[in-house]
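Commentary on secondary and tertiary structure
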Amino acid sequence: MTTGVTRAFKYRFYPDDSQAIELSRTFGCVRKVYNMALAARMEASPTQERVTYNTTSAMLTRWKKTEELTYLNEVSSVPLQQCLRHLQCAFNGFFAKRTRYPRFKSKRKSRASAEYTKSGFRFQNGTLTLAKMKDPLNIVWSRPLPVGASPTTVTVSQDAAGRWFVSMLCQDTSIAPLPATRAAVGIDAGLSHLVTLSTGEKVANPGHERTDRDRLSKAQRELSRKAKGDGTNRAKARRKLARVHARIADRRRDTLHKLTTRLVRENQTLVIEDLAVHNMVKNRSLARAISDVAWSQLRSMLEYKAAWYGRELVVVDRWFPSSKLCSTCGTVQRAMPLDVREWICDCGATHDRDVNAAKNLLAAGLAVPVCGAGVRPRRETSRMGQSAKKQKISLREQ
């Protein structure tokens, strides 16, 4: 019996004035409670006093009874409790060395959101009504929810461009492993081309940020001319700039979704390289181009879609010499400058740099069940210091 997967369905909605005020007030209270709970944990840290979710939940009860924080009672208690759970998860990730130490939420820079569990909303006959609200949200149903699905968690958010979104966590039984196939593909990410496949196919780089660069630069100039502060004109300029960024991000995400879905559906095994994107964007000459192709987002999509549809994603060590290795005879070239796009091996084979790299990645990925040589999803800490010196070499393989 197919159980499906738990996934989020995100929709845009248009609140009326009263709903917008209520949600904005909720966002502010969530941010306030989160920051107060984080401050309480930080104050207890030097004394090694144990502060858990239950401790902060009890603090929240006391805060609501104080005169200066009585406004916390005006919003639903569910999002306030959820933000305390999120803080606990953040600390769990920090202590497990998966994430950095939790930071305070900023009114301008942090994402404005509130999470509601089942006790905080009512979903009935295709309408969603949140706690403390009389009328349902005016949601644009761009796609239907899975048949018979009922949200278990609802997250309401507003982005920097002023757009409102609601994300519903549901069980999707329509997602099941695809029929097995023998097809396998090596994927070499790049800048001139978004990806190059071992089959020889090259997917063009749409360059979404480059396409809207003039519009983006103009919006940035207009914002820089506004007086700093909370003025109306500066707020308008900030939203205008945010809308340009949102347009770029939406188009980039759409392109990556279409590409990754096609690759996962057509191939049983997909092989990619473990790229040190965080280190690469430190290169000022290439940072903008690297950010625009969104390699990390590409890998993330491949990972969860491969898990959804029963495919295998193999990640090859970033130091594997995929560009310098001849896919025909196995000879490794001593040097391979970035400006060399085609080269001839001593064996006489002529290679396109990116296609050759994709073929080598595929061969290394398929060799994993046999010996596992040359394939590692993570790199040892002792060698991380070499990344800066080898940055240009690593960028080839993009």
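Residues numbered from 1 in each chain as written. Predicted model: local features only at pLDDT ≥ 70, side-chain atom pairs only at ≥ 80, totals over all residues. Heavy atoms only, no water.

The secondary structure content of the protein chain amounts to 11 helices and 14 strands. Judged by the C-alpha coordinates and their principal axes, the protein chain covers about 80 × 60 × 50 Å. Counting only residues that meet the buried cut, the protein chain has 44% of its 398 residues in that class. With the model as given, the accessible surface of the protein chain reaches about 22300 Å², and the carbon-plus-sulfur share is 50%. With 70 positive and 35 negative side-chain charges, the protein chain shows a spacing of 3 Å between the two charge centroids. (Helix = DSSP H or I, 4+ residues; strand = E, 2+ residues; numbered from the N terminus. Buried < 20%, exposed > 50% of the residue type's maximum accessible area, 1.4 Å probe, protein only. Areas by Shrake-Rupley, 256 points an atom, 1.4 Å probe, with all protein chains shown as cover. Lys, Arg positive; Asp, Glu negative; His and termini not counted. Charge placed at Lys NZ, Arg CZ, Asp CG, Glu CD.)

The residue Thr-196 is located in strand β9 (residues 193–197) in this model. Setting aside its immediate chain neighbours within four residues, Thr-196 contacts Gly-186, Ile-187, Asp-188, Glu-201, Lys-202, Asp-354, Val-355 and Ala-358. (Contact = heavy atoms within 4.5 Å.)

Before going further, it helps to examine the pairing of strand β4 (residues 127–130). With 4 bridges connecting them, strand β3 (residues 121–124) and β4 associate as antiparallel partners. Its bridge partner lying in β4, Arg-122 is registered against Thr-129. Taking the residues between adjacent antiparallel strands as the criterion, β3 and β4 are bridged by 2 residues, where Asn-125 takes a positive phi near 55°. (Pairing = 2+ DSSP bridges.)

The next subject is the UniProt feature "domain: Cas12f1-like TNB" (unreviewed entry) in the protein chain. UniProt marks residues 295–361 with the feature "domain: Cas12f1-like TNB" (unreviewed entry), using the numbering shown here. End C-alpha atoms of residues 295–361 are separated by 16 Å, and the span's content is 34% helix alongside 16% strand. (UniProt positions renumbered as here; feature names shortened; annotations may be inferred.)

The subject of this paragraph is the side chain of Lys-64. Its location among the elements puts Lys-64 in helix α2 (residues 53–65). Comment: no salt bridge for buried Lys-64; closest opposite-charge side chain is Glu-22, at 12 Å. For Lys-64, the contacting residues outside a window of four places in its chain are Leu-69, Thr-70, Leu-72, Asn-73, Ser-77 and Leu-80. (Salt bridge = Lys/Arg side-chain N within 4 Å of Asp/Glu carboxyl O.)

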